[in-house]
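# Descriptive structure summary
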Amino acid sequence: MVTVPDRRSANRLPGPGIARPSPSFVRRMRSGGAGESRRQRHLLIAGVVALSLLLVLQVLLADRARLARDPGWRPLLTTLCGVLRCSLPAWREPAALTLLARDVRPDPAAPTQLLVSATFRNDARWAQGWPNLRLTLSDIDGRPVGTRTFAPADYLGDADRGSTLAAGQSAEVRLVLREPEGHAVSFAFDFI
C-alpha cells in the first residue's frame, strides 16, 4: 500500500532532532540576551525623547518674536530666554498705556509756538517699548488742523530712559511745537 503524505504535516515544525534556521532578528535576540535588548530599547526611547525636546526648544527659539506677542507664551519665553540668554522683542500694547495728564498751551515767550505736555503710565503686565505719540489739533468744528506723530527719539531727546517703559512706570513728555495754520481749540493724544 502506498501512503500519500498529508499536506498539513508539511507545514509543521520539524522534530526535536532537526534544526531549522531562524530569522535574523530572533538570532540577535538570543545572542544578546534579554537584558541588553531592553537596555537598547530604553536608550532608543530616551534618544527619541531628547531629540523631540530639542526640536521643540529649537522651534520656540526660532519663532520667539511672534510667540512673544502672545500673552500666553510670553512668561514661558521670558523664563526660557533668561536661562539661555537670548533676547525677546519689547512687549507692544498701546492700549495698555493710560494718559494721566495732558496740556497744550501757547508759549508766553513765543506767540507762534505751543507748549505740549503729557504724562502717561504703562498698565501692561510687562515692560513695553516706548510708544509713538500722535497729537491731533482740531478747530472749533472738530476738523483736524494739524496732526503729527512723535517717535520716542523725538520726545525722549537725549535723556537715557532705557529702551522700555516698565510695568506701572509713568513718564512725562514735554514738547515745543510751532502752531499750525488755522485756529486750534482742541487736541487729542493717541498712542500707536
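Heads up: the structure comes first, above all this text.
Small disclaimer: the values here were computed from a predicted structure and weren't measured. (Residues numbered from 1 in each chain as written. Predicted model: local features only at pLDDT ≥ 70, side-chain atom pairs only at ≥ 80, totals over all residues. Heavy atoms only, no water.)

Bridge count between strand β4 (residues 133-138) and strand β5 (residues 144-150): six bridges; the pairing is antiparallel. Looking across to β5, one finds that Leu-133 is bridged to Phe-150. In textbook terms, the turn of a hairpin is the stretch between consecutive antiparallel strands, and for β4 and β5 this stretch comprises five residues, one of which, Gly-142, has a positive phi near 85°. (Pairing = 2+ DSSP bridges. Helix = DSSP H or I, 4+ residues; strand = E, 2+ residues; numbered from the N terminus.)

The sheet built from three strands is open, its strands ordered β5-β4-β8 with antiparallel pairing. Edge positions in the sheet fall to β5 and β8 (186-191), since each of these pairs with one other strand and no more. For this sheet the average axis-to-axis angle between neighbouring strands, irrespective of direction, equals 15°. One ladder, built from six bridges, connects β4 with β8; its direction is antiparallel. Directly across from Ser-138, in β8, lies its bridge partner Ser-186. (Axes fitted to C-alpha atoms, helices over the stretch in contact; angles between N-to-C directions.)

As a further point, take the sheet that holds strand β1 (residues 97-106). Here three strands make up an open sheet; going across it, the order is β1-β2-β7 and the pairing antiparallel. Because the sheet does not close on itself, it has two edges, and the strands there are β1 and β7 (170-178). The average angle at which neighbouring strand axes cross in this sheet is 15°, direction not considered. The pairing of strand β2 (residues 113-122) with β7 spans nine bridges and is antiparallel. Among the inter-strand pairings, Gln-113 is bridged to a residue of β7, identified as Arg-178.

These figures capture arrangement, not role.
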